[in-house]
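Working through the structure, step by step
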Amino acid sequence: MNQASSKSPAAQLQQSRREKLQKIIQLGHDPWGHRLDERLPIGEARAMESQITKVTTDEGREEEQGPRVRVAGRIMLQRKAGKLIFLDIRDWTGKIQLLVGKRQVGEEQWELAQCFDLGDLIAAEGELKHTRTGELSVFVERLWIMTKTLEPPPEKHHGLTDPELRQRLRYLDLTYTPGVMERFLRRTQIVQAIRRTLDEQGFVEVEGPTLHAIAGGAAARPFETYHNALGIPLYLRIALELHLKRLLVGGMERVYELGRVYRNEGISPRHNPEFTMLEAYQAYGDYHTMMDLTEQLVLAALAATGQGQQVPWGETTIDFTPPFERITYAEAFRKHTGVDPEDAEAVARLAQSLEIETEGRHPDVIKNEVFEELVEPKLTGPVFVLDYPASICPLTKRKRDNPQVAERFELFIQGMEVANAYTELNDPDLQEELFRTQLAGLPPEESMARMDHDFIRALRHGMPPAGGLGVGIDRLTMLLTGAQTIREVILFPLLRPEGKRE
RNA sequence: GAGGCUGUAGCUCAGUCGGUAGAGCAACGGACUUUUAAUCCGUAGGUCCGGGGUUCGAGUCCCCGCAGCCUCACCA
């Protein structure tokens, strides 16, 4: 019959929008808009409600007089009532109703308003007053199209609910799913507060390399890539640690990096292949120094989100009242398993009952698997677990009076590992030995590849005794914003590529 | 990587026992100068995730694949 009926349904939905786009051009407007000065964020415009006064007209009627405001935003809702249109527009500070009357704006502007669709970005100027039903509104005298939209927005009351669509179409999720924008803005506040706190304490922020010839500093499978001109394989970094420690050697006494690391591993509600990590190193400190710092960082982040110290989390509440509980690894183990962590045989029996492989493995590794299985889920915290078995801590200094125990702590909240800190190992010979022990069991070519000789050389040049801290920013943000999955705090979590479209 | 669940209009969702694919919102046409998820009348819109199979007949049953979610595995 006509071309429209042969088009795809999506194209048919676009068609009326494209026709309106042409109409806007015919009316002499630019459908893609341009700079707009003197515009007020909607939140600020709303705050001017108090400036509205009541006056009595010459005819003796009482009416309102309000300030002139100019606002811009996306059309969320449109109600047409004859020669009157009510538009709800929204920017990232709030929502406000616009009242557009044909008589009030004139023929030309009225024609322009006929070209508006849900989702369009528009601007309006007029008097801020209340409608008859008391709704604060802009009584429009002038309208602009700022940007025409060609796709229909999501359903107006439910928004997007399909988690896949929410992640793929995050740009829609941000405006149409309640709370999403707020959560990501909170994430920014958290990161800002952490930077501010560190900066105030004299730390300097640096940017280390993300391409590593040797992916060290953590145990994780790296992403592999290749440099064409140099003809060498490279890895995306899995940790910030080894380069920051080199800077400690270089004399940067308080140094941190807040950046992305990449781990080529599984995806889960708590794992995304790329995530944001803070690592901070303080010369002449130790793990207790970093424990205090961690607490300060968490509290500063919390304060920045404008919340109290009781934070809702699912069905329960997390109590961030300082000081956070502190418990040794051994005590925590005993408390939550009922087994003496020193009793290797009892630990092994417990491990076997959990179907953990014990054959030919180091007792501390077995113990730690039991710990992860039975203890970590019970650490609702916030709780600092300190003094880890030395054999599972290859980058950590041992306790002076007990070389079996490493000066390391982890901060657990709701069973999640949020922070990890050490008194940093600075003995180059011991470090080299621990690397070798750690790598024993790996094929020789792989173990040589992982041995970072330059890092050992750096230690031989002298790294001051220091405390080092790592904080998982995504997980911390989850906890401070009530997000039950990491995908709710990462703007664009990794997804498989979309199949064919159109 | 394994198992379970899910996938229907742009969006949110129904779809009985296997018998011609539905609603709301959005869109389009019409009425309405104080609406609030506006309302009322009318119209149009489908690769039922993809591919095979069983059947007279498949959105529905079976097999394979794709994607998402959950659990597990991996994650010193």
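Residues numbered from 1 in each chain as written. Chains lettered and ligands numbered in written order. Predicted model: local features only at pLDDT ≥ 70, side-chain atom pairs only at ≥ 80, totals over all residues. Heavy atoms only, no water.

With respect to the protein's contact with RNA strand B
For clarity, the cut-off: Distances are taken per atom, and a residue is near a molecule or strand as soon as one of its heavy atoms is within 4 Å of it. A 3.5 Å cut-off defines polar contacts: any pair of N or O atoms within that distance qualifies, except that in protein one atom must be a possible hydrogen donor and the other a possible acceptor, and neighbouring residues in sequence count only when both atoms are side-chain atoms. Runs of H or I in DSSP of at least four residues are treated as helices and runs of E of at least two as strands, each being numbered from the N terminus. Residues were grouped as follows: Ala, Val, Leu, Ile, Met, Phe, Trp, Tyr, Cys and Pro as nonpolar; Asp, Glu, Lys and Arg as charged; and all remaining residues, including Gly, as polar.
Neighbouring RNA strand B are 47 residues, the closest being Lys 20, Thr 131, Thr 133, His 157 and Glu 164. The share of sugar and phosphate among atoms of RNA strand B within 4 Å of the protein is 61%. One of the side-chain nitrogen or oxygen atoms of Arg 79 is found 2.6 Å away from a base oxygen of RNA strand B. In the environment of RNA strand B, a base oxygen lies 2.9 Å from a nitrogen or oxygen atom belonging to the backbone of Arg 132. For the surface near RNA strand B, the elements supplying multiple residues, two or more each, are helix H2 (9–26), strand E3 (68–80), strand E4 (84–91), strand E5 (94–101), helix H4 (102–105) and helix H6 (163–168). For the surface near RNA strand B, the per-class residue count stands at 17 nonpolar, 15 polar and 15 charged.

Section: helix H9 (residues 241–249)
The criterion, for reference: Relative accessibility decides the category of a residue: with a 1.4 Å probe and only protein chains considered, values under 20% of the type maximum give buried, values over 50% give exposed, and everything between is partly exposed.
Buried within H9 we find Glu 241, Leu 242, Leu 244, Lys 245, Arg 246 and Leu 248. Immediately downstream of H9, the backbone of Gly 251 shows phi near 105°, a positive value.

Brief notes about the packing of helix H12 (residues 344–353) against helix H13 (residues 363–375)
Filter applied, for reference: Angular values range over 0 to 180 degrees, each being the angle between N-to-C directions of two axes fitted as lines to C-alpha atoms, with helices fitted over their stretch in contact. Throughout, the term roughly parallel applies to angles under 35 degrees, roughly antiparallel to angles over 145, roughly perpendicular to angles from 65 to 115, and oblique to all others. Crossing handedness is read from the near helix: turned anticlockwise from the far helix by less than a right angle, it gives a left-handed crossing, and turned clockwise, a right-handed one. Whether two residues are in contact is decided by their heavy atoms: any pair within 4.5 Å suffices.
The N-to-C vectors of H12 and H13 enclose an angle of 50°; their axes lie 9 Å apart at closest approach. On the basis of their axis angle, the class for H12 and H13 is oblique. For H12 against H13, the interelement crossing comes out left-handed. Each of Val 347, Leu 350 and Ala 351 in H12 lies in contact with H13, whose residues at this interface are Ile 366, Lys 367, Val 370 and Leu 374. For the contact of H12 with H13, the class distribution of residues is six nonpolar, no polar and one charged.

Topic: the environment of Phe 412
By the secondary structure assignment, Phe 412 is in strand E19 (residues 402–413). A sequence separation of 32 residues divides Phe 412 from Thr 380, and the C-alpha atoms of the two residues are 6.9 Å apart. Setting aside chain neighbours within four positions, we find Phe 412 in contact with Phe 371, Glu 376, Leu 379, Thr 380, Gly 381, Pro 382, Val 383, Val 385, Tyr 388 and Glu 417.

Some words on the packing of H9 against helix H16 (residues 453–460)
Direction vectors running N to C along H9 and H16 enclose 25°, while the axes themselves pass 9 Å from each other. Taken together, the axes of H9 and H16 lie roughly parallel to each other. In terms of crossing hand, the pair formed by H9 and H16 is left-handed. Between H9, through Leu 242, Lys 245, Arg 246 and Val 249, and H16, the contact on the second element is made entirely by Asp 454, Phe 455 and Ala 458. Here the residues of the contact of H9 with H16 sort into four nonpolar, no polar and three charged.

Considerations on the domain arrangement of chain A
Stated precisely, the cut-off is as follows: Segmentation of the chain into domains, including their bounds, is taken from an automatic or database domain assignment. In this description, buried area is defined as the sum, over both parts, of the accessible area (probe of 1.4 Å) that is lost when the two are combined.
Entries for chain A in the domain assignment read domain 1 (9–153) and domain 2 (174–324 + 381–489). A separation of 48 Å is found between the C-alpha centroids of domain 1 and domain 2. Across the domain 1/domain 2 interface, buried area totals approximately 500 Å², and carbon plus sulfur atoms make up 61% of it. Three residues stand out in domain 1 for area buried against domain 2, namely Met 76, Arg 90 and Trp 92, and they jointly supply 71% of the buried area on that side.

A look at the side chain of Arg 17
Here Arg 17 shows up in helix H2. Accessibility expressed as a relative area gives 7% for Arg 17, which makes it buried. Beyond its immediate chain neighbours, meaning those up to four positions away, Arg 17 contacts Asp 117, Leu 118, Asp 120, Lys 148, Thr 149, Leu 150, Glu 151, Pro 152 and Pro 153.

Quick look at empty space enclosed by the protein
Cut-off, in case you're wondering: Cavities and pockets are found on a 1 Å grid laid over the protein atoms alone: a cavity is a set of points where a 1.4 Å probe fits but cannot escape, a pocket is an open set with protein on both sides within 12 Å along at least five of seven lines, and a lining residue has an atom within 4 Å of such a point. Grid points are joined across faces, edges and corners, and a volume is the space filled by probe spheres set on the points.
If you walk through the whole model with that rule in mind, you get one cavity of 30 Å³ or more. As a volume, the largest cavity reaches approximately 40 Å³. Surrounding the largest cavity, His 212, Ile 214, Gly 216, Gly 217, Ala 239, Glu 241, Leu 242, His 243, Arg 246 and Asp 452 form its lining. Among the elements that make up the lining of the largest cavity, the one with the highest residue count is H9 (four residues).

Concerning the pairing of strand E10 (residues 224–227)
As a reminder, the rule being used: Any two strands with at least two DSSP bridges between them are considered paired.
Where E10 lies against strand E11 (residues 232–236), four bridges are found, and the strand directions are antiparallel. In the strand pairing of E11, Glu 224 is matched with Tyr 235. In this antiparallel pair of consecutive strands, E10 and E11, the connection spans four residues, and Gly 231 shows a positive phi of 65°.

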